[in-house]
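Coordinate inspection notes
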Amino acid sequence: MADNSIEKSSEIYHPSAEVVANANVPEYEQLYQYSCENREQFWAEQADHLRWYKKWDKVLDDSNKPFYKWFTGANFNIVHNAIDRHLEDATRNKLAIIWESEAGAVRSFSYHALNREVSKFANTLKSMGVKKGEVVTIYMPQVPELVFAMLACAKIGAVHSVVYGGFSYEALAARIEDAHSRVLITADGGFRRGKPIDLKSIANEAMKRSPTIEVCITVRNNGLDVEMESERDFWYHDLQSLPVASNKCETEVLDSEDPLFILYTSGTTGKPKGMLHTHAGYAVYTSTTHRCLFDVKPEDRWWCAADPGWITGHSYLVYSPLINGATIVMYEGAPNYPYPNRLWQMVEKYGVNLFYTSPTAIRGLMRFGERWPQRHDLSSLRILGSVGEPINPEAWKWYYEVIGDSKCPIIDTWWQTETGGVMIAPLPITPLKPGSCTKPFFGNEVAVVDDEGNEVPAGEEGKLVIKNPWPGMARTIYGDDERYASLYWGDYGDKEYYKAGDSAKVDEDGYVWVIGRMDEVLKVSGYRLGTAEIESALVSHQAVSEAAAIGLPHEVKGNAIHTYAILRDGLVGDKALEQELKEHVAKELGKIAQPEDVQFVESLPKTRSGKIMRRVLRARALGQDEGDLSTLEE
Ligand code: WTA
């Protein structure tokens with residue numbers, strides 16, 4: 001498990017003279033102070049890096065807290081910034097995307113070509129009647145068409161809802177239902193470890209449960225034979241050859257606060273929350289963090305090895321690097337296929353300068369030893385990033401020494417689906433402590449507080465809060481303003497703090513150490529899952545009457561899922577049933593949610609109000625003190 005003990009962090013890593021000389025932002029303290037004291041001014045200056053059809057009347061509208069609005073009165077479109085403006089200068093002929101498949105196929109697109117593909121896709125969507133404001137669900141492998149589809153929606157003012165390709169039909173159907181999507185974009189499938197993965201049949205199962213779907217567009221990728229339903233299903237390549245799919249499409253002039261996407265994420269209940277992000281604030285926030293934190297230069301090759309189905313992919317694979325005119329490297333496949341040098345081989349092959357991945361990926365590759373990366377010339381690397389979960393100092397050092405040759409700063413970025421972009425992270429010039437995400441990004445005041453919202457002393461654990469609004473923040477939970485307001489805001493009287501749901505410490509130097517989630521959210525291999533979703537998947541099996549899921553430390557995954565089940569009357573648990581239940585959860589939710597084990601129990605520890613006390617289960621499993629049991633029912 002992630003080891004965040006402050007005691008272990010006495011080592012400090014200072015940036016090299018070269019990193020300092022290259023830095024896009026040469027100084028932190030003064031600019032930080034300025035950005036917090038003049039928040040609106042600071043964000044207005046950052047917004048000036050972008051192209052506006054019409055500038056804002058007001059930078060921040062906080063008249064209806066916690067429903068903050070940014071850059072109100074402006075006209076904007078994120079695609080105008082991510083593509084259109086690059087067509088006016090030499091960036092036009094620069095590579096926007098280099099994509100490699102697991103089998104080794106390579107496809108690349110200049111900004112000019114990206115514009116053509118996105119315009120064709122956008123026209124295709126229009127021909128299917130897609131309107132501004134409509135939510136289009138996208139369920140695809142990590143192929144360039146996924147990026148085209150997202151940008152095509154944004155270009156015409158439609159709202160995309162990308163569902164990670166590893167999710168099951170139940171999860172997909174629930175998200176389609178919540179978003180009332182009429183159009184689904186999918187693919188025949190992808191590849192993983194040399195085997196074709198069938199996505200279309202999962203989409204078909206989901207559509208059986210989704211009465212709102214009228215049109216399904218399928219992109220051909222792995223060539224699998226798939227079932228198409230006439231009048232509902234269309235092959236993308238057929239549509240593309242129609243005259244309507246011309247390569248000219250005007251980008252829709254939108255209001256700055258028009259919705260860009262919904263992204264579903266797990267929370268405390270079984271129902272995933274659709275976090276809603278808007279065009280302008282999100283564009284300003286993600287592109288500013290990307291430029292400052294990763295020192296992106298026009299000539300750089302940027303590789304964010306996340307799936308676009310998660311927020312990291314949305315913000316730092318697709319939108320911010322394109323806004324900043326970088327060249328994106330994209331890979332569809334397993335990181336250790338056919339051998340554990342796959343990522344390093346690609347870094348060398350494409351001359352990647354900036355590389356961003358998760359601690360789980362690093363720990364997974366670390367197991368195979370140094371000899372794999374050492375076969376490759378990794379000298380193009382300048383900056384390394386980490387995201388999604390705490391990085392333990394051991395993995396940090398391996399990443400730093402073996403991958404970065406002790407010359408690349410490790411940018412450990414703390415943030416969430418809800419925050420849109422990175423909230424706490426070092427700049428390349430920041431002295432680093434392995435395992436700490438260091439200091440807040442410009443404009444952000446963060447604190448660690450107790451239940452009353454009072455800051456706890458340095459070194460003590462408490463709840464992580466953000467004391468101010470920022471442009472990249474989610475605007476609401478789609479269709480549920482009340483839940484958004486109560487879940488994230490307003491626990492601390494008149495202090496308007498954003499509650500992150502993480503526990504953390506701040507040390508004497510003001511460095512932030514994130515410990516982990518406090519609520520019923522699990523980070524497994526960096527993926528965000530809810531215990532409630534896993535439990536309801538278990539209970540949906542006829543043999544189970546009650547279930548509980550917890551996370552326990554795991555060497556590679558950070559956390560692993562362990563579950564407990566009370567069986568229905570008369571049933572006896574055995575190995576075969578355990579296996580069946582594990583597979584059932586994988587089928588219901590997706591492979592990433594498959595538990596390590598299912599223990600059959602007679603009862604579960606509960607509070608008197610009937611809530612499962614997962615912390616008691618966790619303490620028992622770890623052989624630790626069970627803590628305060630005064631609310632326990634038995
Ligand atoms: C965790 C991922 C420690 C945290 C971008 C947060 C981290 C949750 C870090 C959000 C980090 C993310 N150090 N923990 N650098 N980055 N987390 O929505 O618990 O998938 O609340 O967004 O991931 O997960 P999400």
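Structure report, in brief.

Rules of the game
- Residues numbered from 1 in each chain as written.
- Predicted model: local features only at pLDDT ≥ 70, side-chain atom pairs only at ≥ 80, totals over all residues.
- Heavy atoms only, no water.
- Axes fitted to C-alpha atoms, helices over the stretch in contact; angles between N-to-C directions.
- Helix = DSSP H or I, 4+ residues; strand = E, 2+ residues; numbered from the N terminus.
- Parallel < 35°, antiparallel > 145°, perpendicular 65-115°, else oblique.
- Left-handed = near helix turned anticlockwise from the far one by under 90°.
- Contact = heavy atoms within 4.5 Å.
- Nonpolar A, V, L, I, M, F, W, Y, C, P; charged D, E, K, R; others polar.
- Salt bridge = Lys/Arg side-chain N within 4 Å of Asp/Glu carboxyl O.
- Buried < 20%, exposed > 50% of the residue type's maximum accessible area, 1.4 Å probe, protein only.

Focus: the packing of helix α7 (residues 169-179) against helix α8 (residues 200-208)
Two numbers describe how α7 lies on α8: the axes approach to 8 Å, and their chain directions differ by 50 degrees. What the angle tells us is that α7 and α8 run oblique. As α7 runs across α8, the sense of the crossing is right-handed. Here α7 contributes Tyr169, Leu172 and Ala173 to the contact with α8, which in turn contributes Ile202, Ala203, Glu205 and Ala206. Among the residues making up the contact of α7 with α8, the classes are represented as six nonpolar, no polar and one charged.

Description of unusual backbone geometry
For the bond running from Lys65 to Pro66, omega is 0 degrees, close enough to zero to count as cis. Mapped onto the secondary structure, Pro66 falls in the loop between β1 (58-61) and β2 (69-72). Its identity as a non-glycine residue notwithstanding, Ser406 has a phi of 55 degrees, on the positive side. Within the element layout of this structure, Ser406 appears in the loop between α15 (393-403) and β20 (410-413). Of note in the backbone geometry, Ser525 takes a positive phi value of approximately 55 degrees without being a glycine. Here Ser525 lies in the loop between β26 (521-524) and β27 (527-530).

What to know about the pattern of salt bridges
Considering all chains together, one arrives at 36 salt bridges under this definition. A salt bridge links Arg232 to Glu229; the nearest nitrogen and oxygen atoms lie 3.5 Å apart. According to the relative accessible area criterion, Glu229 is partly exposed, its value standing at 44%. Taking the shortest distance from any N to any O, the salt bridge between Arg614 and Glu520 comes out at 3.6 Å. Residue Arg614 is found in helix α19 (residues 614-622), and its partner Glu520 is found in the loop between β25 (512-517) and β26; the two are separated by 94 residues along the sequence. The class of Arg614 is buried, set by a relative accessible area of 13%. Classification of Glu520 by relative accessible area gives partly exposed; the value is 29%. One continuous salt-bridge network, built from bridges that share partners, spans Lys200, Glu229, Arg232 and Asp233.

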